Structures are given as C-alpha cells and as structure tokens.
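# Examination of the molecular architecture
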Amino acid sequence: MSQNQSILEMIQTPVIVTFANQKGGVGKTTLCVTFANYLVTKGVRVVVIDCDFQHSIMKCRKADIRKYGEQEMPYEVWAYEANDKAMMTSLMEKLHNDPEIDVVLMDSPGSLKAEGLIPMFVNSDYDLVTVPSTASFLMFVDRLKKAIGERMKARLFIIPNLNDGRIGKRSELLIWDNARDTFSNYGYVTAKIPKRADMERFSTMAALDMQAAIVTPVFDKVYQSIFDTLEPIREKELKGIQLTENLNPKPKKKKKAQPTDEASQDSNENQNKEPE
C-alpha cells in the first residue's frame, strides 16, 4: 500500500480549520484563501466557508468567475452567517460527515460577539490565529476549553502575520520574544509572515504567485500536522491559471513588418537614382 493510500484511508471525516481573530484587518481572510490555494497543489479537496461579516472571499470568488469563468474553480466557496448558533451547529455536523471533502477552511468573523462562534470553535480540528491583536482571542479560547472540556480538541496555531522587520526598537523586539513565549503556552507559534504588497491581494482561482515563497514555510507546518507528510495526498494535474507560469505569460516578440512590394520597389529606385 502506498503512503498516499494510507493517508487517504486515515481521513475518515473532513478536517476543519478555522482562521480566527477578534479584529479585522490582520490578514486572516488572505491567509485563509492562500492556504486553500496551497492545499489545491497538494491534491487536497477543499471547501472554503466564508463566515466573515463582510464576505470578502465570496465577493472575490464572484469577481474571479467574471474574470476567468466557472470552469476554472479549484474549490467551492460557501457563504454563511455566523450569528445563528443553531445553523452553525447544523453546518459543522454536515461538514464533518461529508465524504467528498478532505479539508474545510472556515473564515470566521473579526469579532467575538457572533452567536455561532462557540459551535464553530468547539467543532474545529485546528484554529489558526493571526497576530497582531490576539491576546483577547486566546483568552476567549482558553475559557471556552475550560468550559467545554475534552469535547474541544482543536489544535491552536498562532501565526505572527504582517510582520514588518524594519520597525521596532530592540526593547520592542524583546517584548515580542517574551510574548512569543507566552503564546507558546496556548499553541504552536509559527514563523513570522512578513508584511509584503503581494500579500494584500488574493484570488480564489489563480495559483499562488509571489505569495508562495512567503507563506509556504508556515503552511508546510500546518499541512504536516494534518497529514503527517509534506507529500501531496493525491496526484493533482494543475492547468490554466492554477499554474504560476500562466499568470504572467512572457510577452510575444513583435515580428518586424515586411516591406510591401511597392515600398520595396520605391526604395530600390531611390538607391539606383543618380544624384543631379
């Protein structure tokens, strides 16, 4: 039996990964989509659930369909509201029993007030929390774990995102080192993801372009934790805009215009004409 076959047999129910923070504008949604695109290259069957209040992922998918067409969709995007606790409980149960899905990515609201957050986090297998603005969320998850007990088994990954290495005095960097040690008490703290212009855009269809080198070290850690390997779980033939080289095709060289017979004749006559 191949390693891929044994991994697929181990996936009895979909793995649910929730991207979370109590604040908007910290790169949570971008990381959710780029992780989906990363998983596609590994042959993982992905579904993205957009529960953010602004539904940015669903808006992006609609724009991508207008640009590329529906035949290019590498995974489905579903939009749900996180304010309905009963609906969220039903959704999580449905997802855990769908044999056509390997991994579900949930983009949660940038708030701790939505009623559906508790069933979302309780039924997740992994919570990926972005830094900055994480302390309040970690305390929320910690209280939830104590209240729920063993039913909440989600593993926590803490991702220092939007890191600008140009900013910060030595004293501030020491504070971060201490904060990192504190965060480690709650979950696994990944490598930092630097603040780059390339990370300010995302597509729900196109391949990772310049973003790949930025996010892969972090995503490799999460992927290996889920599947216990860095190898693709199944063969996946990428095509069209899912291939990086098709995103920025090289411009074709313009052919030199061939002179017409009439122009060529005039040129020859001018060359043969004796000066007066």
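Preceding this section is the structure that the text describes.
The structure contained in this document is the topic of the report that follows. Since this is a predicted model, take the numbers as computed values, not measurements.

### Observations concerning the overall build of the protein
A tally of helices and strands in the protein yields nine helices and seven strands. Expressed as a percentage of its 276 residues, the buried residues of the protein come to 44%. Accessible surface for the protein amounts to roughly 16200 Å². Of this, 49% is attributable to carbon and sulfur atoms.

### Details of the packing of helix α2 (residues 28–41) against helix α8 (residues 211–227)
One way to put it is that α2 packs onto α8 with a least axis distance of 10 Å and a crossing angle of 80°. The angle between α2 and α8 falls in the class roughly perpendicular. For the pair α2 and α8, the contacting residues are L31, T34, F35, Y38 and L39 in the first and Q211, V215, T216, F219, D220, V222 and Y223 in the second.

### Quick look at the side chain of S124
Along the chain, S124 falls in the loop between α5 (117–122) and β5 (126–131). Using a relative accessible area of 4% as the deciding quantity, one classes S124 as buried. Among the polar contacts listed, one links the side chain of S124 to the backbone oxygen of M120, at a separation of 2.6 Å. With near-sequence residues (within four places) excluded, S124 lies in contact with I16, T18, M92 and A154.

### Remarks on the packing of aromatic side chains
In this structure the tally under the stated criterion is eight aromatic pairs. Between Y223 and F227 the ring centres are 4.9 Å apart and the planes differ by 50°, which places this aromatic pair in the tilted class. Of the two residues, Y223 and F227 both sit in helix α8, four residues apart, roughly one turn of that helix. Residue classification places Y223 among the buried residues on the basis of a relative accessible area of 0%. A relative accessible area of 5% means that F227 is categorised as buried. One aromatic cluster is present, formed by F19, F35, Y38, F219, Y223 and F227 through successive ring pairs. Directly above the ring of Y223 sits K42, whose terminal nitrogen or CZ lies 5.0 Å from the centroid.

### Remarks on the pairing of strand β6 (residues 155–160)
Within β6, five of the six residues are buried, leaving the element largely enclosed by the surrounding structure. Of the strand pairs in this sheet, β5 and β6 are connected by six bridges, and their pairing is parallel. Within β6, the residue paired with V131 across the bridge is P160. Judged from the two bridges that link them, β6 and strand β7 (residues 188–189) form a sheet pairing that is parallel. Among the inter-strand pairings, F157 is bridged to a residue of β7, identified as Y188.

Quick notes on the rules
- Residues numbered from 1 in each chain as written.
- Predicted model: local features only at pLDDT ≥ 70, side-chain atom pairs only at ≥ 80, totals over all residues.
- Heavy atoms only, no water.
- Helix = DSSP H or I, 4+ residues; strand = E, 2+ residues; numbered from the N terminus.
- Buried < 20%, exposed > 50% of the residue type's maximum accessible area, 1.4 Å probe, protein only.
- Areas by Shrake-Rupley, 256 points an atom, 1.4 Å probe, with all protein chains shown as cover.
- Axes fitted to C-alpha atoms, helices over the stretch in contact; angles between N-to-C directions.
- Parallel < 35°, antiparallel > 145°, perpendicular 65-115°, else oblique.
- Contact = heavy atoms within 4.5 Å.
- Polar contact = N/O pair within 3.5 Å; in protein donor to acceptor, adjacent residues only side chain to side chain.
- Phe/Tyr/Trp six-rings, centres within 6.5 Å; stacked < 30°, edge-to-face > 60°.
- Lys NZ or Arg CZ within 6 Å of the ring centre and 35° of its normal.
- Pairing = 2+ DSSP bridges.

Any functional reading would require information beyond the geometric quantities listed.
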